[in-house]
Amino acid sequence: MSDSDLIKQFIDSGDETAFEMLVSRHRRFIRRIIFGVFGGWPDEAEETEQEVLIALAGGVKNFSHAAEFTTYLYRLTRNKGIDHLRSLAKRRKHLVYFVPDIPGPWSPEQGSMEAEDRHFLYKVLNKMKEEDRSLILLKEIEGYSLKDVAELMGIPEGTVKSRLHRARNTMIKTGRRMLGKDGEVNEMQRMEKDTKRA
């Protein structure tokens with residue numbers, strides 16, 4: 001069933017199974033957006049995920065089927081994450097981060113990353129700015145096209161391309177710094193090749 005069919009079924013009959021299927025289909029996407037906002041996965045990220053699901057259940061009836069569901073979901077999740085982060089900052093709450101286990105391909109062409117490489121990648125992303133981190137997550141990890149990323153983020157495609165180029169360079173420099181001059185450069189070399197091809 002398509003996302004639209006599941007949404008319609010949930011709205012029309014209150015079918016919780018349809019809603020659970022929708023959430024299950026997009027949970028990894030939701031978690032990566034939240035990670036993009038927080039830069040890690042503290043307990044507060046778990047709270048944000050629950051807030052997103054509650055808001056989704058109550059607000060999905062307002063979803064316009066003229067747009068992609070992922071666009072609606074991206075904006076809902078990111079807004080909830082930013083709101084939560086601001087609230088925590090006002091309370092001056094110190095966040096204890098840990099690297100999440102969010103499985104999935106690095107990109108459609110490259111197949112699955114080794115757990116160790118994925119762990120290191122998330123540590124690198126944790127050091128980056130929220131916008132750069134989100135661009136890398138959407139384009140390089142989720143595998144969205146430049147056009148799709150532009151639609152999700154609500155910015156022109158040309159802007160996405162230039163910001164993504166900057167984000168990749170930042171990722172490579174950050175990764176090299178973390179590895180140290182004598183460290184292995186396995187994943188960074190692959191990232192650098194991708195940047196040069198872009």
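Before reading on, note that the structure itself is shown above.
The written sequence of each chain sets the order in which its residues are numbered from 1. For a predicted model such as this one, the threshold for reporting local features is a pLDDT of at least 70, and the threshold for listing and counting side-chain atom pairs is 80 or more; totals across whole chains, interfaces and linings nevertheless cover every residue. To obtain the side-chain values, all non-hydrogen atoms of the structure were used and water was disregarded.

Caption draft 1: Spatial organisation of the packing of aromatic side chains. A pair of aromatic rings is counted whenever rings of Phe, Tyr or Trp (Trp by its six-membered ring) have centres within 6.5 Å, and the orientation is called stacked for planes under 30 degrees apart, edge-to-face for over 60 and tilted otherwise. What the rule picks out here adds up to five aromatic pairs. Among the aromatic residues, ring-to-ring pairing joins Phe-63, Phe-69 and Tyr-72 into one connected group.

Caption draft 2: Molecular detail of a negative patch on the surface. The patches described consist of residues with a relative accessible area above 30% and no salt bridge, like charges being joined within 9 Å and nonpolar side chains (Val, Leu, Ile, Met, Phe, Trp, Tyr) within 5 Å. A 1.4 Å probe and the Shrake-Rupley method give the accessible areas. Residues count as covered only by the protein chains that appear here. Salt-bridge detection follows one rule: a side-chain nitrogen of Lys or Arg within 4 Å of a carboxyl oxygen of Asp or Glu. The sign given to each residue is positive for Lys and Arg and negative for Asp and Glu; His and the chain ends receive no count. All charge positions are set by atom: Lys at NZ, Arg at CZ, Asp at CG, Glu at CD. A surface patch of negative charge is lined by Asp-43, Glu-46, Glu-47, Glu-51 and Asp-83. It is helix α3 (residues 43–59) that provides the largest number of residues to the negative patch, a total of four residues. Helix and strand definitions here come from DSSP, where helices need a minimum of 4 consecutive H or I residues and strands a minimum of 2 consecutive E residues; each element is numbered from the N-terminal end. By the element assignment, Glu-47 lies in helix α3.

Caption draft 3: Geometry of the pattern of salt bridges. What the rule picks out here adds up to nine salt bridges. Salt-bridge contacts for Asp-3 lead to Arg-25; the nearest nitrogen and oxygen are separated by 2.8 Å. Taken together, the residues Asp-3 in helix α1 (residues 3–13) and Arg-25 in helix α2 (residues 16–38) connect sequence positions 22 residues apart. Between Arg-168 and Glu-140 there is a salt bridge; the shortest N-O distance is 2.4 Å. Here Arg-168 is found in helix α8 (residues 157–179), whereas its partner Glu-140 is found in helix α6 (residues 130–141), with 28 residues between them in sequence. Across the pair, exposure class does not vary: Arg-168 and Glu-140 are buried alike. Salt bridges here are not isolated pairs; linked through shared partners, they connect Glu-131, Asp-132, Arg-163 and Arg-166. When a residue's accessible area, from a 1.4 Å probe over protein chains only, is under 20% of the maximum for its type it is buried; when over 50% it is exposed; and in between it is partly exposed.

Caption draft 4: Spotlight on the nonpolar core. Core analysis: the biggest nonpolar cluster contains 48 residues, and Phe-29, Leu-56, Phe-69, Leu-125 and Leu-138 have the highest contact counts within it. At the level of secondary structure, the elements contributing two or more residues to this core comprise α1, α2, α3, α4 (69–90), α5 (115–126), α6, α7 (146–153) and α8. Broken down by element, this core gets its largest block of residues, 11 residues, from α2. The contact rule is simple, with two residues in contact once any of their heavy atoms fall within 4.5 Å. The residues touching Leu-138, leaving out its near neighbours within four places in the chain, are Phe-29, Tyr-74, Gly-143, Tyr-144, Val-149, Leu-152 and Met-153. By nonpolar core is meant a set of buried Ala, Val, Leu, Ile, Met, Phe, Trp, Tyr and Cys residues that side-chain atoms within 4.5 Å join together.

Caption draft 5: Quick peek at α1. If you check which residues of α1 are buried, you get Asp-3, Leu-6, Ile-7 and Phe-10. An end-on view of α1 places all buried positions within 100 degrees of arc, on one side of the element. Along α1, exposed side chains directed more than 90 degrees from the buried face belong to Lys-8, Asp-12 and Ser-13. For α1, the elements touching its buried residues are α2, α3 and α4. What the arc measures is the spread of directions leading from the helix axis to the C-beta atoms.

Caption draft 6: Molecular detail of the packing of α6 against α8. Fitted lines through C-alpha atoms serve as axes, helices being fitted only where they are in contact, and the angles separating the N-to-C directions of these axes extend from 0 to 180 degrees. Between α6 and α8, whose axes approach to 9 Å, the crossing angle comes to 100 degrees. Considered as vectors, α6 and α8 are oriented roughly perpendicular to each other. Within the contact between the two elements, α6 uses Glu-131, Asp-132, Leu-135, Ile-136, Lys-139 and Glu-140 and α8 uses Val-160, Arg-163, Leu-164, Arg-166, Ala-167, Arg-168, Thr-170 and Met-171. Here the residues of the contact of α6 with α8 are counted per class, giving six nonpolar, one polar and seven charged. When describing relative orientation, an angle under 35 degrees is termed roughly parallel and one over 145 degrees roughly antiparallel, while 65 to 115 degrees is termed roughly perpendicular and anything else oblique. Side-chain classes follow a simple rule in which Ala, Val, Leu, Ile, Met, Phe, Trp, Tyr, Cys and Pro form the nonpolar group, Asp, Glu, Lys and Arg form the charged group, and the remainder, Gly included, forms the polar group.

Caption draft 7: Main features of the packing of α3 against α4. Here α3 crosses α4 at 135 degrees, and the two axes come no closer than 9 Å. Of the possible angle classes, the one that applies to α3 and α4 is oblique. Pair α3 / α4 crosses with right-handed handedness. On α4, the residues touching Glu-44, Glu-47, Thr-48, Glu-51, Val-52, Ala-55, Leu-56 and Gly-59 of α3 are Phe-69, Tyr-72, Leu-73, Leu-76, Thr-77, Lys-80, Gly-81, His-84 and Leu-88. A per-class count over the contact of α3 with α4 returns eight nonpolar, five polar and four charged. Crossing handedness is read from the near helix: turned anticlockwise from the far helix by less than a right angle, it gives a left-handed crossing, and turned clockwise, a right-handed one.

Caption draft 8: Just the side chain of Asp-132, in detail. Along the chain, the position of Asp-132 falls in helix α6. When neighbours within four sequence positions are excluded, Asp-132 is seen to be in contact with Arg-163, Arg-166, Ala-167 and Thr-170.

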